[in-house]
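Here are the chains, one letter per residue:
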Amino acid sequence: MKVLAFLNLHHQPGLGALTKNRNSATVSFLGRYAFMDFMLSNFSNSGIDRVAVLVDQHPQSVLKHLGSRNIFNLNTKIGFNMVAYNESASRYGPRYNTDIANIIFHKYLLKEHDPDVIVVAPSYFLMPLDLRQVIKEHKDNHADITVVYQDVNNAKTQFIGRGVITVDEEGHVKTFTRNKGEEDKRSVSTEVFVISRRVFEELLAEAQSTSPFYTLSDVIAQRIIDGHTVNSYHYKGYLRSIDSYANYFRFSFELLTYTIRKELFLDDWPIYTVTHDTQPAKYGQTANVKNSFVANGAKIEGTVKNAIISRNVVVEKGAVIENAIVFTDTTIRADQKLKYVLLDKEVEVRLINELSGTEDDILYIKKGDKI
């Protein structure tokens, strides 16, 4: 069975100042990864080697992160990994720049690769998902569309605005709406869809004839309203929705806990990312590091507690960093105190003795600032 996958970066929630000048899929995570690495790794680990990345904005950050794009490609001879950007639609504003419009703009991919099944998945849901199992169930059920979902108990405070479904005893989706935080127990759509080729092309045509603003989720929801059979796949593993600046911070630090981290980083499910020829992290005699992620190339001589330190970060003697995230090529000079802050790339903290936010109001310092 030939599979074509689309990593769908359209209609993703923003992460505040973090996504002002970069695509949310490329935001640094745990000092080493970008969010898009996790779903791309799901594709690779599932044997899917034909992948198009649908980009709605900031394509340069996506191209820069992917580099040669061979990192996620299992078969460099017949497989491919491309960035699909619909420049024509983006000129008319965000309402026109939909995932449907982008797919139609690159519809030649369907003819060129002639897939039996299409997989569409976002980057902001973190989950180690074996798509082989989803595709097998889709095939065994002779399904047209399969929606991957999870039952959750915290929908009043999490997954706000995300898709929610109801499923009957036969596993068919009966409704597809948006979570407004009215109930804790909901079945949350992960926005991972497995769609048979014929039906996928029908969906594109239906969306095109209905509204230029229609998204793939919209046209699938309309199919359910119209009484078409849509199947479901119940996913039960680790799932987090990185859909706000607060959740970005919260779920980054949650993974400092080993038992939680093991739910995302499975022994037999590697997460691939862009590699850099950087020397190992260096710890000086005065370094004091506890419960933190420290990436390669970092130089630590100060105190780092409950923090996430990216590549080539320098923490000088006497500096104290707690409950903070520090992006690449940032320097914290001697005796500086940081708490509940996020420092973007190439920041230098040198003059202010204390820099702090709170657990509920994380202070953000933008890229390149000298403070």
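Residues numbered from 1 in each chain as written. Predicted model: local features only at pLDDT ≥ 70, side-chain atom pairs only at ≥ 80, totals over all residues. Heavy atoms only, no water.

### Re the overall build of the chain
Within the chain, the regular secondary structure consists of ten helices and 28 strands. On C-alpha atoms alone, the chain measures out to a radius of gyration of 22 Å, which is about the 21 Å that the 2.2 N^0.38 rule sets for 371 residues. In terms of its C-alpha atoms, the chain occupies a principal-axis envelope of roughly 65 × 45 × 45 Å. Out of the 371 residues belonging to the chain, those deemed buried represent 56%. Here the contacts in the chain between residues at least 6 apart in sequence split such that 57% fall between residues at least 24 apart. Carbon and sulfur atoms form 45% of the exposed surface of the chain, whose accessible area is close to 16900 Å². Counting 44 positive and 44 negative side-chain charges, the chain places the averaged centre of each group 5 Å from the other. (Helix = DSSP H or I, 4+ residues; strand = E, 2+ residues; numbered from the N terminus. Rg over C-alpha atoms; globule rule 2.2 N^0.38 Å. Buried < 20%, exposed > 50% of the residue type's maximum accessible area, 1.4 Å probe, protein only. Contact = heavy atoms within 4.5 Å. Areas by Shrake-Rupley, 256 points an atom, 1.4 Å probe, with all protein chains shown as cover. Lys, Arg positive; Asp, Glu negative; His and termini not counted. Charge placed at Lys NZ, Arg CZ, Asp CG, Glu CD.)

### Here's the deal with the sheet that holds strand β23 (residues 331-332)
One open sheet holds the five strands; their spatial order is β14-β17-β20-β23-β26, and the pairing between them is parallel. The outermost strands of the open sheet, each flanked by one partner alone, are β14 (282-283) and β26 (348-349). (Pairing = 2+ DSSP bridges.)

### What to know about the side chain of Gln 336
Within the secondary structure layout, Gln 336 lies in the loop between β23 and β24 (337-339). A polar atom in the side chain of Gln 336 sits 3.3 Å from the backbone oxygen of Arg 350. (Polar contact = N/O pair within 3.5 Å; in protein donor to acceptor, adjacent residues only side chain to side chain.)

### Comments concerning the pairing of strand β6 (residues 117-122)
Extensive coverage of β6 is indicated by the burial of six of its six residues. Burial of the side chains of β6 extends over both faces: Val 117, Val 119 and Ala 121 are buried on one face and Ile 118, Val 120 and Pro 122 on the other. Summarising the sheet, strand β1 (residues 3-8) and β6 pair through six bridges and their orientation is parallel. Bridged to Leu 4 within β6 is Ile 118. Looking at chain direction, β6 and strand β11 (residues 186-196) are connected through four bridges and run antiparallel.

### Some remarks on the packing of helix α1 (residues 36-45) against helix α2 (residues 59-66)
At a minimum axis distance of 12 Å, the contact between α1 and α2 shows a crossing angle of 55°. Considering the angle they form, α1 stands oblique to α2. α2 is crossed by α1, and the crossing has right-handed handedness. Only Val 62, His 65 and Leu 66 of α2 make contact with α1, whose side of the interface consists of Met 36, Asp 37 and Leu 40. Residue composition of the contact of α1 with α2, grouped by class: four nonpolar, one polar and one charged. (Axes fitted to C-alpha atoms, helices over the stretch in contact; angles between N-to-C directions. Parallel < 35°, antiparallel > 145°, perpendicular 65-115°, else oblique. Left-handed = near helix turned anticlockwise from the far one by under 90°. Nonpolar A, V, L, I, M, F, W, Y, C, P; charged D, E, K, R; others polar.)

### Considering the sheet that holds strand β15 (residues 288-290)
The five strands lie next to each other as β15-β18-β21-β24-β27, forming an open sheet whose pairing is parallel. Of all strands in the sheet, those with a lone pairing partner are β15 and β27 (354-356), marking the two edges. Pairwise comparison of adjacent strand axes, ignoring direction, gives a mean angle of 5° for this sheet. Strand direction decides the pairing type here: β24 and β27, joined by three bridges, are parallel.

### Observations regarding unusual backbone geometry
Residues other than glycine predominantly adopt negative phi, and peptide bonds predominantly adopt the trans conformation. One non-glycine residue, Glu 191, lies in the positive phi region at around 60°. Considering the arrangement of structural elements, one finds Glu 191 in strand β11. Since its relative accessible area comes to 13%, Glu 191 is described here as buried. For Asn 323, which is not glycine, the phi dihedral falls at a positive 50°. Structurally, Asn 323 can be placed in the loop between β21 (320-322) and β22 (325-326). Residue classification places Asn 323 among the buried positions, given a relative accessible area of 15%.

### Overview of the side chain of Thr 26
Mapped onto the fold, Thr 26 is located in the loop between β1 and β2 (28-29). Residue Thr 26 is classed as buried on the basis of its relative accessible area of 13%. Here the side chain of Thr 26 touches Asn 23 through a polar contact of 2.8 Å, landing on its backbone oxygen. Not counting chain neighbours up to four residues away, the residues in contact with Thr 26 comprise Ala 34, Met 36, Ser 61, Val 62 and His 65.

### Examining the environment of Gln 222
When you line up the elements, Gln 222 lands in helix α8 (residues 216-225). A relative accessible area of 27% means that Gln 222 is categorised as partly exposed. Sequence separation of Gln 222 and Thr 331 is 109 residues, and the distance between their C-alpha atoms is 51 Å.

### Description of the nonpolar core
Judged by nonpolar contacts, the single largest core of 38 residues is most densely connected at Met 36, Phe 43, Ile 48, Val 53, Val 119 and Met 127. The set of elements that each furnish at least two residues to this core consists of β1, α1, β4 (50-55), α2, β6, α6 (131-140), β8 (145-152) and β11. Discounting chain neighbours no more than four positions away, the residues touching Met 127 are Met 39, Asn 42, Val 148, Thr 190, Val 192, Tyr 235, Tyr 238, Leu 239 and Leu 264. Core analysis: the second largest hydrophobic core is formed by 32 residues, Phe 193, Ala 207, Val 219 and Val 230 among them. (Core = buried A, V, L, I, M, F, W, Y, C linked by side-chain atoms within 4.5 Å.)

### Description of the packing of aromatic side chains
Per the stated rule, a full pass over the model turns up 13 aromatic pairs. Residues Phe 29 and Phe 38 carry aromatic rings whose centres are separated by 5.9 Å and whose planes lie at 75° to one another, so their mutual orientation is edge-to-face. Across the pair, Phe 38 and Phe 29 agree in class, each one buried. Over the ring of Phe 213 we find Arg 95; its NZ or CZ atom is 4.2 Å from the centre of that ring. (Phe/Tyr/Trp six-rings, centres within 6.5 Å; stacked < 30°, edge-to-face > 60°. Lys NZ or Arg CZ within 6 Å of the ring centre and 35° of its normal.)

### With respect to the environment of Ala 17
Looking at where Ala 17 falls in the secondary structure, it is placed in the loop between β1 and β2. For the pair Ala 17 and Asn 154, spaced 137 residues apart in sequence, the C-alpha separation works out to 26 Å.

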